[in-house]
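Here are the chains, one letter per residue:
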Amino acid sequence: MSTVTDAIPAVDRVAARRGARPRLTRDGLSTLAFLLPLLAVFGLFAWFPILRAVVMSVQETNLVSEPSWVGLDNFAHVLADPQFGIAVANTLWFTFLALIFGFPVPILLAVLMSEVRRGRGWYSALAYLPVVIPPVVSVLLWRFFYDASARGVFNTILGWLGLGPFPWLQAAGTAMPSIVIEATWANAGATVIIYLAALVSVPPELYDAADVDGASIWQKIRSITLPHLRSVIALTLILQLIATAQLFTEPLLFTGGGPNNATLTVLLLIYRYAFTNSLGGDYGMAAALSLMLAAFLALFTAGYYRLTRSWSTSS
Amino acid sequence: MTALTRPRARRPRSDSSSADRGIISSTEWRQRRIRWPVRLLHAATLVFLLIVGLGPLLWMVKSSVTPTQDTLRYPMALWPNGIDLGQLATAWSRTHIDRYLWNTVVIAFGSWVCQLVVATTGGYALSVLRPRGSGLLMGLVIATLFVPPIVLLVPLYLTIVDVPLVHARLIDNYWAIWLPAAASAVNVVLVKRFFDNLPREIFEAAKVDGAGPFRLFRSIVLPMSRPIIGVVSVFAVIATWKDYLWPLLVIRNPNLQPLSVRLPTLQPTTDLGVFIAALTISSLIPIALFLVFQRLFLSGQGLSGAIKG
């Protein structure tokens with residue numbers, strides 16, 4: 001008797017697995033109907049353009065004349081373009097500044113906020129608020145703040161302290177740091193929330209044990225809190241690198257790449273090749289540069305997925 | 001807010017002192033030497049967040065009702081010459097913010113519908129129906145996650161200019177925004193993972209009762225997946241609202257453009273006060289969405305969407 005009842009769930013499980021597969025053509029057709037939107041949309045607007053990017057990078061194509069095969073010429077042209085070196089250097093400079101400004105602040109904020117006992121929701125809501133503002137609105141608003149005259153918003157505030165006026169966006173030296181400050185303001189809230197979620201998941205037993213051993217608050221932060229954040233910090237670092245490499249809206253709307261190409265980024269250069277060329281877009285060069293950037297970013301993306309995998313299995 | 005205190009399940013079994021503790025223990029909290037500096041730090045954090053997080057937005061709201069000359073001359077003063085609500089009205093009607101806002105709403109709504117249709121039907125097929133080769137198909141969907149969006153920029157634009165197979169030109173057509181937005185691997189992955197965790201017994205029971213795949217989808221799977229549909233919906237609307245580069249490229253007719261694309265071109269020809277009023281109007285709906293769905297945003301679910309940049 002017992003063997004029979006034991007066997008039923010096992011049979012059920014097999015049936016469940018098998019039964020999920022379509023048996024007949026009628027089911028096959030309805031499965032296809034459900035897959036159709038996904039296949040159509042991904043086929044036309046994801047898989048096909050990805051392949052096309054690769055093909056285009058070895059073609060000369062401008063929508064007017066027939067595309068012709070040019071081998072690696074597009075890559076050579078891009079590498080020989082003096083703007084390319086400027087754009088790469090500017091993007092690296094931006095990434096570096098973004099790490100200096102945008103990396104320690106969210107960690108510090110999250111550690112402070114995680115200790116708030118009442119009304120933590122208010123803190124997180126305030127920190128996250130700038131993230132939901134559309135980037136175009138933020139940039140246009142901050143253009144007023146960065147007004148270079150003594151009557152600009154920031155220059156007025158700094159004037160109270162006897163500083164400035166600063167040229168902000170109008171000088172080559174300060175334009176990029178100005179963009180970084182705005183970008184940090186606009187994005188730091190999302191990072192704070194990620195850190196906060198990680199901080200709350202630190203097992204309280206660890207702190208209890210440290211208390212028993214007589215550890216000070218600073219020792220607890222150094223030996224429990226920060227090590228626990230390590231994997232999340234690595235993750236957000238990679239995400240930040242991937243995002244900063246694709247900086248576009250801010251330099252386009254703040255400075256258009258100026259003054260004197262001081263804020264020309266790689267993405268802005270791709271945009272220039274393809275869409276602001278008076279002779280018709282040079283899509284081949286744009287595709288070649290896109291692929292080079294993508295290959296570079298793929299390293300970080302692969303790192304991201306390895307980390308998330310080890311992260312989700314270990315915790 | 002409650003979502004942030006989620007991992008309470010890890011509460012230790014015996015110790016009574018640590019129901020919801022952090023770095024500072026309750027014995028430490030009882031010492032003045034520690035309590036006051038910590039309280040001071042928290043107050044400083046709050047002030048910092050108020051100034052930095054809310055300050056620029058308050059300035060925007062204030063300047064949208066301050067006469068232009070006042071904003072130019074005394075940017076930090078509070079209403080030296082009174083309040084001018086007329087600027088909001090001018091921005092709304094004369095600058096045609098009403099039309100661009102409506103365009104943005106239509107674009108966001110359409111891209112929300114498209115994203116939901118593709119993600120739920122696709123997720124259902126890949127998770128529940130599971131035809132042969134669905135593993136490979138899922139792999140192909142996930143593979144697009146590894147491709148940064150910039151790679152798609154130029155070829156996708158050319159695809160919109162002349163859509164293969166149907167040979168349609170989608171420039172100045174909202175489908176040019178809706179359809180590519182629907183090709184979101186993040187959505188498919190999120191929805192499929194959710195469907196994977198639904199109890200299979202219910203599906204089997206429904207099949208025994210004679211429900212076909214369509215019936216199963218409509219009457220059982222969809223009603224059970226409200227939480228994930230909520231997550232996908234909110235992030236779909238916010239992402240579309242924030243988008244700038246793509247609508248700039250594919251919507252050329254100014255009368256059809258969304259707010260984000262119109263605002264930069266309006267600035268040179270618009271009175272400063274009116275322009276800031278337009279900025280304020282543009283931010284209202286995202287802020288309202290955030291306040292209503294705060295828990296979705298603050299529980300860290302956006303992390304999975306962050307990779308899409």
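Residues numbered from 1 in each chain as written. Chains lettered and ligands numbered in written order. Predicted model: local features only at pLDDT ≥ 70, side-chain atom pairs only at ≥ 80, totals over all residues.

**Structural notes on the overall build of chain B**
Consideration 1: Broken down by element type, chain B carries 17 helices and zero strands.
Consideration 2: Buried residues in chain B amount to 38% of all 309 residues.
Consideration 3: Of the contacts made within chain B by residues no fewer than 6 positions apart, 72% connect residues no fewer than 24 positions apart. (Helix = DSSP H or I, 4+ residues; strand = E, 2+ residues; numbered from the N terminus. Buried ≥ 20, exposed ≤ 12 C-beta atoms within 10 Å, placed from the backbone. Contact = placed C-beta atoms within 7 Å.)

**Structural notes on the overall build of chain A**
Consideration 1: A count of helices and strands for chain A gives 14 helices and two strands.
Consideration 2: For chain A, buried positions account for 41% of its 315 residues.
Consideration 3: Here the analysis covers contacts within chain A between residues at least 6 apart in sequence; of these, 64% occur between residues at least 24 apart.

**So, unusual backbone geometry**
All names here are of chain B.
Consideration 1: Of note, the phi angle at histidine 96 is positive, near 65°, even though the residue is not glycine.
Consideration 2: Within the secondary structure layout, histidine 96 lies in the loop between helix H4 (86-93) and helix H5 (97-129).
Consideration 3: Judged by C-beta crowding, with 16 C-beta atoms within 10 Å, histidine 96 ranks as partly exposed.
Consideration 4: Of note in the backbone geometry, histidine 167 takes a positive phi value of approximately 50° without being a glycine.
Consideration 5: Assignment of secondary structure puts histidine 167 in the loop between helix H7 (149-161) and helix H8 (175-182).
Consideration 6: Assessed through the 7 C-beta atoms surrounding it within 10 Å, histidine 167 is described here as exposed.

**A few points about the nonpolar core**
As a rule of thumb, soluble globular proteins bury nonpolar side chains together.
Residues and elements named next belong to chain A.
Consideration 1: The biggest cluster of nonpolar side chains holds 159 residues, and the ones touching the most others in it are Ile270 and Leu289.
Consideration 2: Element by element, the count of residues in this core is highest for helix H9 (residues 172-200), at 18 residues.
Consideration 3: Setting aside anything within four residues of it in sequence, one finds leucine 289 in contact with Val78, Val266, Leu269, Ile270 and Tyr273. (Core = buried A, V, L, I, M, F, W, Y, C linked by C-beta atoms within 7 Å.)

**Focus: the interface of chain B and chain A**
Consideration 1: Counting from both sides, the interface comprises 94 residues of chain B and, opposite them, 92 residues of chain A.
Consideration 2: Looking at the side of chain B that touches chain A element by element, the count peaks at 13 residues for helix H2 (residues 32-64) of chain B.
Consideration 3: Its residues assigned to classes, the side of chain B that touches chain A shows 64 nonpolar, 20 polar and ten charged. (Nonpolar A, V, L, I, M, F, W, Y, C, P; charged D, E, K, R; others polar.)

**Focus: the confidence of the model for chain B**
Residue and element names in this part refer to chain B.
Consideration 1: Considering every residue of chain B, the mean pLDDT works out to 82; 90% of them sit at 70 or more.
Consideration 2: Mean pLDDT across the elements of chain B bottoms out in helix H17 (residues 302-306) (44) and peaks in H8 (93).
Consideration 3: Predicted confidence for residues 1-19 stays below pLDDT 50, and this span has 29 contacts to residues more than four positions away or in other chains.
Consideration 4: In this model residues 302-309 is a low-confidence stretch, pLDDT under 50, and it forms 19 contacts with partners more than four residues away in sequence or in other chains.
Consideration 5: Scoring the predicted complex yields pTM 0.82 and, for the interface, ipTM 0.82. (pLDDT = per-residue confidence, 0-100.)

**Section: the confidence of the model for chain A**
All names here are of chain A.
Consideration 1: This prediction gives chain A a mean pLDDT of 80; 88% of its residues lie at or above 70.
Consideration 2: Here helix H1 (residues 2-19) stands out as the least confident element of chain A, with mean pLDDT 44; helix H7 (residues 135-145) is the most confident, with 90.
Consideration 3: Below a pLDDT of 50 lies the segment residues 1-24, which in the model reaches 13 contacts outside its immediate sequence neighbourhood of four places, other chains included.

**Section: the packing of helix H6 (residues 120-132) of chain A against H9(A)**
Residues and elements named next belong to chain A.
Consideration 1: Where H6 contacts H9, the two axes come as close as 6 Å, and the packing angle between them is 140°. As judged from the angle between their axes, H6 and H9 are oblique. The two elements H6 and H9 cross, and the hand of that crossing is left-handed. Across from Ser124, Ala127, Tyr128, Leu129, Pro130 and Val131 in H6, the residues of H9 making contact are Trp185, Ala186, Asn187, Gly189, Ala190, Val192, Ile193 and Leu196.
Consideration 2: For the contact of H6 with H9, a count of residues per class yields eleven nonpolar, three polar and no charged. (Axes fitted to C-alpha atoms, helices over the stretch in contact; angles between N-to-C directions. Parallel < 35°, antiparallel > 145°, perpendicular 65-115°, else oblique. Left-handed = near helix turned anticlockwise from the far one by under 90°.)

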